[in-house]
Amino acid sequence: TQLLEQSPQFLSIQEGENLTVYCNSSSVFSSLQWYRQEPGEGPVLLVTVVTGGEVKKLKRLTFQFGDARKDSSLHITAAQTGDTGLYLCAPQSNTGKLIFGQGTTLQVKP
Amino acid sequence: NAGVMQNPRHLVRRRGQEARLRCSPMKGHSHVYWYRQLPEEGLKFMVYLQKENIIDESGMPKERFSAEFPKEGPSILRIQQVVRGDSAAYFCASSPRSDSNQPQHFGDGTRLSIL
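Since the model is a prediction, treat every value here as computed from it, not as a measurement.

Here we come to the state of the cysteines. This structure, assessed with the given rule, holds 2 disulfides over all chains. With its sulfur 1.9 Å from that of its partner, Cys23 of chain A forms a disulfide with Cys89 of chain A. Taking the sign of the S-S torsion, about 65 degrees here, the bridge from Cys23 of chain A to Cys89 of chain A comes out right-handed. Taken together, the residues span a long stretch of sequence, with Cys23 of chain A in strand E3 (residues 19-25) and Cys89 of chain A in strand E9 (residues 85-92) at a distance of 66 residues. Assessed through its relative accessible area of 1%, Cys23 of chain A is described here as buried. Note on Cys89 of chain A: relative accessible area 0%, which makes it buried. In this model Cys23 of chain B forms its disulfide with Cys92 of chain B; the gap between the sulfur atoms is 1.8 Å. Disulfide Cys23 of chain B to Cys92 of chain B: torsion about the S-S bond roughly -50 degrees, handedness left-handed. Here Cys92 of chain B lies in strand E9 (residues 88-95) and Cys23 of chain B lies in strand E3 (residues 19-24), a separation of 69 residues in the sequence. The exposure classification of Cys23 of chain B matches that of Cys92 of chain B, with both residues buried.

Criteria and cut-off values
- Residues numbered from 1 in each chain as written.
- Chains lettered and ligands numbered in written order.
- Predicted model: local features only at pLDDT ≥ 70, side-chain atom pairs only at ≥ 80, totals over all residues.
- Heavy atoms only, no water.
- Disulfide = S-S within 2.5 Å.
- Helix = DSSP H or I, 4+ residues; strand = E, 2+ residues; numbered from the N terminus.
- Buried < 20%, exposed > 50% of the residue type's maximum accessible area, 1.4 Å probe, protein only.

These figures capture arrangement, not role.
Right, here's the structure in full:
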């Protein structure tokens, strides 16, 4: 059974602060996707990481895939209230299906 | 809107009735995945389909649930004789190919409530 853990589960910070969300697994994955989901909506794709050690940047968001392709992190610089939402990491199995954890609920207060 | 379209957005059924959830993938996508999100839980994979074929149904309950993706028209997730435990948000995602590096794009889901 593939175990996927995201931490922290909940995070409440002030606007302007930095934060990091972690995604850890007991398995090696060929790729991993990060999504953000807002209440009442579907997950929105942020990034796909494929290569061990890969770093991708999306404005103030920095995504890293671990060298062993078993873990990933998302770092947000100078958080804004618009960053509030549920952040989901989803490794992809070799059959294509995504494996989701509980996610990290982020609240950014003005 | 070229995104994944799901309908209805909200569906209310009484116990014992049937629920039909529809998903039209993004243009050019022939691979569809269904996921279920129970209250206070993460998204769980249910079934993966290509046109006219079920590729992986390992996450779908063996009874009462079925899925199809016909040559023409949307993918359908069908739940027969619904029970209260079926209340959840059902999401559909699509991708252009099946290899594991293909990102999946999600619809906004169908929220199913069982009375």
